[in-house]
Protein chains: 4
Amino acid sequence: MKKLFCLVALLAAAVASLSAQGSRVVADSIDSRVLGVTKNFTVYLPAGYEDSGRDYPILYLLHGAWGDHTDWTRSGNAKNIADELYASGFGIPAIIVMPDASGEKPDKTGFRMGYFDKEGWPYETHFFEEFIPYVEGKYRVRAEKKYRAIAGLSMGGGGSMVYALHHPEMFGSCCPLSGLLGTRPVAVAIDDDFTENIGRNDPQDILRNATDGQLDSFRTVRWYIDCGDDDFLAHFNVQVFLLMKEKQVPLQFRMRDGGHTWEYWQSALPSVLQFISIGFGE
Amino acid sequence: MKKLFCLVALLAAAVASLSAQGSRVVADSIDSRVLGVTKNFTVYLPAGYEDSGRDYPILYLLHGAWGDHTDWTRSGNAKNIADELYASGFGIPAIIVMPDASGEKPDKTGFRMGYFDKEGWPYETHFFEEFIPYVEGKYRVRAEKKYRAIAGLSMGGGGSMVYALHHPEMFGSCCPLSGLLGTRPVAVAIDDDFTENIGRNDPQDILRNATDGQLDSFRTVRWYIDCGDDDFLAHFNVQVFLLMKEKQVPLQFRMRDGGHTWEYWQSALPSVLQFISIGFGE
Amino acid sequence: MKKLFCLVALLAAAVASLSAQGSRVVADSIDSRVLGVTKNFTVYLPAGYEDSGRDYPILYLLHGAWGDHTDWTRSGNAKNIADELYASGFGIPAIIVMPDASGEKPDKTGFRMGYFDKEGWPYETHFFEEFIPYVEGKYRVRAEKKYRAIAGLSMGGGGSMVYALHHPEMFGSCCPLSGLLGTRPVAVAIDDDFTENIGRNDPQDILRNATDGQLDSFRTVRWYIDCGDDDFLAHFNVQVFLLMKEKQVPLQFRMRDGGHTWEYWQSALPSVLQFISIGFGE
Amino acid sequence: MKKLFCLVALLAAAVASLSAQGSRVVADSIDSRVLGVTKNFTVYLPAGYEDSGRDYPILYLLHGAWGDHTDWTRSGNAKNIADELYASGFGIPAIIVMPDASGEKPDKTGFRMGYFDKEGWPYETHFFEEFIPYVEGKYRVRAEKKYRAIAGLSMGGGGSMVYALHHPEMFGSCCPLSGLLGTRPVAVAIDDDFTENIGRNDPQDILRNATDGQLDSFRTVRWYIDCGDDDFLAHFNVQVFLLMKEKQVPLQFRMRDGGHTWEYWQSALPSVLQFISIGFGE
């Protein structure tokens, strides 16, 4: 029985690869003076990045507790999802940077886990003073508020929201997914230190205590908050929804079916990419 | 210029009408002894009702304030939406009954508006003691909890929820849309009487004060609550969401983009019909 | 019984109107030298148009047979749909222009119906030589291919496709909905003249007979074709899909549930607005 | 630093596991007399199967070329998708059986790959005479046409369609996804034998050559066909769509964005489960 060359399937594969031509996931790292260690990060470069010569919008996409900078591309299927959305003409291609805020323990928790400054581990300082400048110097990024978005899931949803509240002048859009957006009662009591650190960076406190000027600056960020109706963090998300309404900070809020799962975040990512695209393009 | 007979278009129209064959919207009425007046109502009979000879599940679909029994088919496009969903194979055809809870004023508000009993206008009594028996006697209805659903928008969202809380033994599924699901602070202060009447029938009070036995009975209802993120009643809906979670009464909760508009309710109706279909078919 | 002032509802209405602030539907007209008559058209000006002082992208949105320039805002709910999409942050606000290609008969058919040139009624010439220049001179339009899109339903789906094939240098995106995208066998035999005129402007013929250079120019247009699986024009749409694949002209193609109905076109419009927005913003 | 017990997260996990309580994926096998070998298969038993004591509807879910009975639960995420859909109240829980039609080679192709009978490997005979009876005897299945559905992807899409055409009296619903629904020109020329075998079981031939009586029997099956607009098998799917329209065999047809990928099939599965649920429940 003679084998035929599987022409059509090969052709199809070729077409498929073309549609994602040039999209690459790059493992990169930064020697952090602030933290005293080398931190890894992952970069998604959209199709055509190498040849286009032009600058791109950027999305910082944060992982959750027990995770690291490889989560979104491994469990989150971020490369395929972004490739497909961009190929379909429903999103403006962006560089997607996935930083590492994991801890030092084998399960990726520990003292160093988290997005906020603490005594001896000033992660947020590192993020704004070292990481963003490094990334936006190395890659061809349109380094302006309008073209910079931030999103994240769970602990990274909280991180993205607090970062955008601390630096509304930096981010055009912010999209917390299933975000750890509060601390009372404690939601994820990994250890005292984590709880305390999160507690000092409660987005609801920031919103509640904001001056009129701060509220005005929050209104310059495009907010998109999405959380599943079965999520154990759902209450924090609806609290933030009510609080932002009360403070008259416009936001998009979605509650879809689902829990604190990768299925939810995978199905959320296309909408995030669409939403931030409109911010880039307006 | 000779005219041709427009064959294909006619054929298409014929096919379209076939796919909705027999679906009818009927204007009906009931002489209410309880209320001392004749009340109108609208009935959607699914395609094939006349010929099938069999009994059907039933959905009571309630209108909002300033509305009446003709709203859902006029502004809500309910006939076309149901026809299309049933034709697509994504819903189990049901009889849809749209009652009238409008008031006596030209703008359809007034003393008689609303779904609850008040001195001199015992509408809820009428609904359960007269209306349901009349409808389910006249039309071929599978008159069991499993095959009976209730849904409604705004004031009718509140009505549907309170009816299902008052009579969990009657309804398999309950789907409040953009529901007036609370009263503090008052949301729609049409007049003192309305406010007071709604206040005596606050679903949050019912949930908060429920005995364990009542909570158990609430758990026999399939709940689907949907409200837009721009809706001025959104806070009531998220309050009910949190309260049902706290009371461990399982529910589906959705918050999509939109306000207190017919666009929202039209886009909600297919999901309502799908959700109640699974209840009918399980 | 004292009436209270309905504060909250008013507030909600105010907020709702704010979110759509400035969006206006304008009735306009042009004295056509080419056609020798005055033609009406409808213009949607997005929220903030008056005050912004800036130029906007533009969408030409074409009606179907038996229709006119008022269809999309009346039956198509285009104003509310555009308002809501733009308010949600999922679309880049555009001016939407709805021209009139209706005929002279009471049912809006007749010799003058249609988007193509015929002896004594050179509509397409009028469209490109008079109408577009007039509109883009009068309103603040970013008058470039990238910022110009065209879409339409049924006869207007065919019109939009043929216009973009005749003038690929003019349109960044083209979105035919339930389009009359072929003529063999005849689909809508209104009269001999219509059939013949459509037949001379068959998009499949244009694609089939295109030179390599023309095909290249077709590839500079972003195509989004959407047709219901119950539509009597579905076969034309899948024929065009196969033909564009064969000719390697990339396109987005969608077949959703539904027929040749306003429900279909209303549910299609948000995706059209999202798709063309990415073209505007890239 | 004292560690706290991570109460809330544990609680959430417990709740999550409850919502999927009892859902199990079972590895099973059958000693085939017809094929002379032991064939493995995978079974999804919905939550509560063990305790309910009642019979369930059944879905046969077929894999594609280069795959086997473990594909849908591994790459297709079928367990989580089914769990979530059923928990949300949008589907009637069914037993899902995933058979093995892989070949004998390391890459799972080879002489034995495929769903059809061939000299020396009568797989279809095995499927209908041994496999279905065995499965429906061993598990608590409602063994009637109404409660039996079949679906599959790619080669399994073709398999599911041909099985339902060969045995319309057996299946209430049939849902080919990205199906290999034709053979001219050959789509996947793995080897001569495969091509020839598929060619003898071309669903388009079956439809084209069907008697009126056969066509009538095809109309007793609820058809849902879904294929991505970037799929290299898209042309076969639209051909079948046109052919079934021509033969007046009603079907649902969807063409969404995407290619021949697990992302597509994962996003298709919820609709398949919803569609077959209505068939079970009608």
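Located above this text is the structure these notes cover.
Everything numeric in this text was worked out from a predicted model, so none of it was measured.

**Digging into the environment of B:Leu59**
Residues and elements named next belong to chain B.
Phase 1 of the analysis: Note that Leu59 resides in strand E3 (residues 58–62).
Phase 2 of the analysis: In this structure, the C-alpha to C-alpha distance between Leu59 and Pro46, residues 13 residues apart in sequence, is 12 Å.
Phase 3 of the analysis: With residues up to four places along the chain from it excluded, the contact list for Leu59 reads Ile95, Ile96, Val97, Ala149, Ile150, Ala151, Leu273 and Ile276.

**Observations concerning the sheet that holds strand E3 (residues 58–62) of chain A**
Residues and elements named next belong to chain A.
Phase 1 of the analysis: The sheet built from 8 strands is open, its strands ordered E1-E2-E4-E3-E7-E8-E9-E10 with mixed pairing. Edge strands, defined here as strands with exactly one partner in the open sheet, are strand E1 (24–32) and strand E10 (252–254). Here the average twist between neighbouring strands, direction ignored, is 20°.
Phase 2 of the analysis: Two strands pair when backbone bridges link them, and strand E8 (residues 173–177) and strand E9 (residues 222–226) are joined in this way by 3 bridges, in the parallel orientation. Bridge assignment links Leu177 to a residue of E9, and that residue is Asp226.
Phase 3 of the analysis: Helix H4 (residues 78–87) contacts E1, strand E2 (37–45) and strand E4 (95–98) of the sheet and is inclined by roughly 30° relative to E2.

**Notes on a positive patch on the surface**
Phase 1 of the analysis: A surface patch of like charges, here positive, comprises A:Arg54, A:Arg142, A:Lys146, C:Arg54, C:Arg142 and C:Lys146.
Phase 2 of the analysis: Checked against the element boundaries, C:Arg54 lands in the loop between helix H2 (49–52) and strand E3 (58–62).
Phase 3 of the analysis: We classify C:Arg54 as partly exposed; its relative accessible area is 42%.

**So, the state of the cysteines**
Phase 1 of the analysis: Across all of its chains, the model carries 0 disulfides over all chains by this definition.
Phase 2 of the analysis: C:Cys227 carries a free sulfur, and the closest cysteine sulfur to it, the one in C:Cys175, is 14 Å from it.
Phase 3 of the analysis: Cysteine D:Cys174 is unpaired, with the sulfur of D:Cys175 as its nearest cysteine sulfur at 6.4 Å.
Phase 4 of the analysis: D:Cys174 sits in the buried class, given a relative accessible area of 0%.

**Regarding the relation of the copies chain C and chain D**
Mapping one chain copy onto the other needs a rotation about an axis and a shift along that axis.
Phase 1 of the analysis: Mapping chain C onto chain D calls for a screw motion: a turn of 180° about the axis and a shift of 0.0 Å along it, with 0.0 Å RMSD after fitting. Interpreted geometrically, this transformation is the action of a two-fold axis. When each C-alpha of chain C is compared by its distance to the rotation axis, C:Met255 comes out closest, at 2.3 Å.
Phase 2 of the analysis: Comparing contact sets, 100% of the residues at the interface of chain C also lie at the interface in chain D, consistent with an isologous, same-surface contact.

**A short note on the interface of chain C and chain D**
Phase 1 of the analysis: Facing 15 residues of chain C, the contacting portion of chain D comprises 15 residues.
Phase 2 of the analysis: Roughly 1200 Å² is buried in total at the junction of chain C and chain D, and carbon and sulfur atoms are behind 55% of that figure.
Phase 3 of the analysis: Our count for the contact surface shared by chain C and chain D stands at 4 salt bridges.
Phase 4 of the analysis: Across the pair D:Arg254 and C:Asp229 runs a salt bridge whose closest N-O atoms are separated by 2.9 Å.
Phase 5 of the analysis: At the level of elements, helix H10 (234–246) and strand E10 (252–254) of chain C are the ones that each hand at least two residues to the side of chain C that touches chain D.
Phase 6 of the analysis: The element best represented in the side of chain C that touches chain D is H10(C), accounting for 6 residues.
Phase 7 of the analysis: Grouping the amino acids of the side of chain C that touches chain D by side-chain chemistry returns 7 nonpolar, 2 polar and 6 charged.

The rules behind the values
- Residues numbered from 1 in each chain as written.
- Chains lettered and ligands numbered in written order.
- Predicted model: local features only at pLDDT ≥ 70, side-chain atom pairs only at ≥ 80, totals over all residues.
- Heavy atoms only, no water.
- Helix = DSSP H or I, 4+ residues; strand = E, 2+ residues; numbered from the N terminus.
- Contact = heavy atoms within 4.5 Å.
- Pairing = 2+ DSSP bridges.
- Axes fitted to C-alpha atoms, helices over the stretch in contact; angles between N-to-C directions.
- Patch = residues over 30% accessible without salt bridge, like charges linked within 9 Å, V, L, I, M, F, W, Y side chains within 5 Å.
- Areas by Shrake-Rupley, 256 points an atom, 1.4 Å probe, with all protein chains shown as cover.
- Salt bridge = Lys/Arg side-chain N within 4 Å of Asp/Glu carboxyl O.
- Lys, Arg positive; Asp, Glu negative; His and termini not counted.
- Charge placed at Lys NZ, Arg CZ, Asp CG, Glu CD.
- Buried < 20%, exposed > 50% of the residue type's maximum accessible area, 1.4 Å probe, protein only.
- Disulfide = S-S within 2.5 Å.
- Least-squares fit on C-alpha atoms with pLDDT ≥ 70 in both.
- Buried area = accessible area lost by both parts, 1.4 Å probe.
- Nonpolar A, V, L, I, M, F, W, Y, C, P; charged D, E, K, R; others polar.

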